[in-house]
Amino acid sequence: MNIIVDAFGGDNAPLEVIKGCKIAEENLGTNIILTGDEEIIKKTAGENDIDISRMDIIHADGVFDIHDKPTTILKSGKNTSLAVGLKALSEGKGNAFLSAGSTGALVAGATFIVKRIKGIKRAALAPVLPTEKGRLMLIDGGANIDCTSDMLVQFAIMASAYMEKVKGIKKPRVGLINVGAEDTKGRELELEAYKLLSEAPVNFCGNLEAREMPKGNFDVAVTDGFTGNVALKLYEGMGAFIGNKMKDIFSGGIKSKLSALMVLGKIKALRKQMDYTEEGGAVLMGVSKPVIKAHGSSDAKAFYNAIRQAKACVDGGVIEAIEKSI
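Residues numbered from 1 in each chain as written. Predicted model: local features only at pLDDT ≥ 70, side-chain atom pairs only at ≥ 80, totals over all residues. Heavy atoms only, no water.

## Digging into the overall build of the protein chain
Secondary structure summary: the protein chain contains eleven helices and twelve strands in total. Here the protein chain has a C-alpha radius of gyration of 20 Å; the compact-globule value for 326 residues is 20 Å, and the two agree. If one aligns the C-alpha atoms of the protein chain with their principal axes, the spans along those axes are about 60 × 60 × 35 Å. In the protein chain, which comprises 326 residues, the share counted as buried stands at 49%. Carbon together with sulfur atoms contributes 53% to the accessible area of the protein chain, which is approximately 15600 Å² in total. Averaging the locations of the 42 positively and 40 negatively charged side chains of the protein chain gives two centres separated by 4 Å. (Helix = DSSP H or I, 4+ residues; strand = E, 2+ residues; numbered from the N terminus. Rg over C-alpha atoms; globule rule 2.2 N^0.38 Å. Buried < 20%, exposed > 50% of the residue type's maximum accessible area, 1.4 Å probe, protein only. Areas by Shrake-Rupley, 256 points an atom, 1.4 Å probe, with all protein chains shown as cover. Lys, Arg positive; Asp, Glu negative; His and termini not counted. Charge placed at Lys NZ, Arg CZ, Asp CG, Glu CD.)

## Quick look at the pattern of salt bridges
All chains considered together, the criterion is met by 15 salt bridges. Residue R54 pairs with E25 through a salt bridge whose shortest N-O separation is 3.5 Å. You can see R54 sitting in the loop between helix 2 (38-47) and strand 3 (56-59) and its partner E25 sitting in helix 1 (residues 15-28), a full 29 residues away along the chain. Residue E25 is classed as buried on the basis of its relative accessible area, which comes to 8%. Measuring nitrogen to oxygen at the nearest pair gives 2.8 Å for the salt bridge that ties K311 to D315. Of this pair, K311 and D315 both sit in helix 10 (residues 300-316), separated by four residues, roughly a single helical turn. Several salt bridges converge on common partners, so that one network encompasses E209, R211, E212 and K215. (Salt bridge = Lys/Arg side-chain N within 4 Å of Asp/Glu carboxyl O.)

## Some details on the packing of aromatic side chains
For any pair of aromatic rings, the description consists of the separation of the ring centres together with the inter-plane angle of the planes. The full count for this structure, using the stated rule, is one aromatic pair. Pairing Y194 with F204 gives two aromatic rings, centres 5.1 Å apart and planes at 80°, and the pair type is edge-to-face. Of the two residues, Y194 is situated in helix 6 (residues 188-199) and F204 in strand 9 (residues 203-208); the sequence distance between them amounts to ten residues. Here Y194 and F204 have matching classes, each one buried. (Phe/Tyr/Trp six-rings, centres within 6.5 Å; stacked < 30°, edge-to-face > 60°.)

What follows is the structure, encoded as structure tokens:
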């Protein structure tokens, strides 16, 4: 299996990207294809004693600037490591693509270079979030600010396919994010989406209030990109807040430190559950081949897990499952 990786996407590129790819090569048995400036990639690897002799490199002169308009990836940005990687994926040189670069450019490039699955109206970002009982896929996490009700139905179908094929959850429970549990709540979008989801080929379990997301009673949370991105950022912020408060509690003197030692195992388990690097990245659902958006601040561990996630999408036949459902 060939996984194409943008070597210059993210705050810690290219070193952390290369390190993560090396871990994946050794542990997952995947072939890695790096895109970006070949000279810099080889120099960085050599200076850090990382053997990349088995990795292929597709040279790209530029790096996409996150401040540039996303659609410029199709013209002035076509020679960047991000665009070259997407083009290589579209040409069949790899089975999946991963980048921690510009989210907007990745969505635009994947949509117009790799192309959407036939019948899918919009590609959607789908991060997987921790809950009390496991994991929850949020879709859309920010790719489409304005959505229609039939788009939300397609989001639910795609996320259900992922949670079943990759996470092994039979009949994933789908919830529609809303301001109340009653089927009469919400805007026109939610009211219409509720009706359509009730008739869709998914396990729709009704409206989902945001406060219910961490409890784990749903496996998929469906919403428009504006609401989803707000929910995602709040989720991330509260996770950091809780982590910092716990640190304060257990570092306030000898008694606190002794207490921390007694529950150290549980603290580590909670930190691992809340750690975004454990999941890898957000899947760009709806594209004809697996595309993963890693967090901009990803380290080697996060890149490794994102590659593992990409491999799981391919092995699980997520794209084929979506095509069949649609």
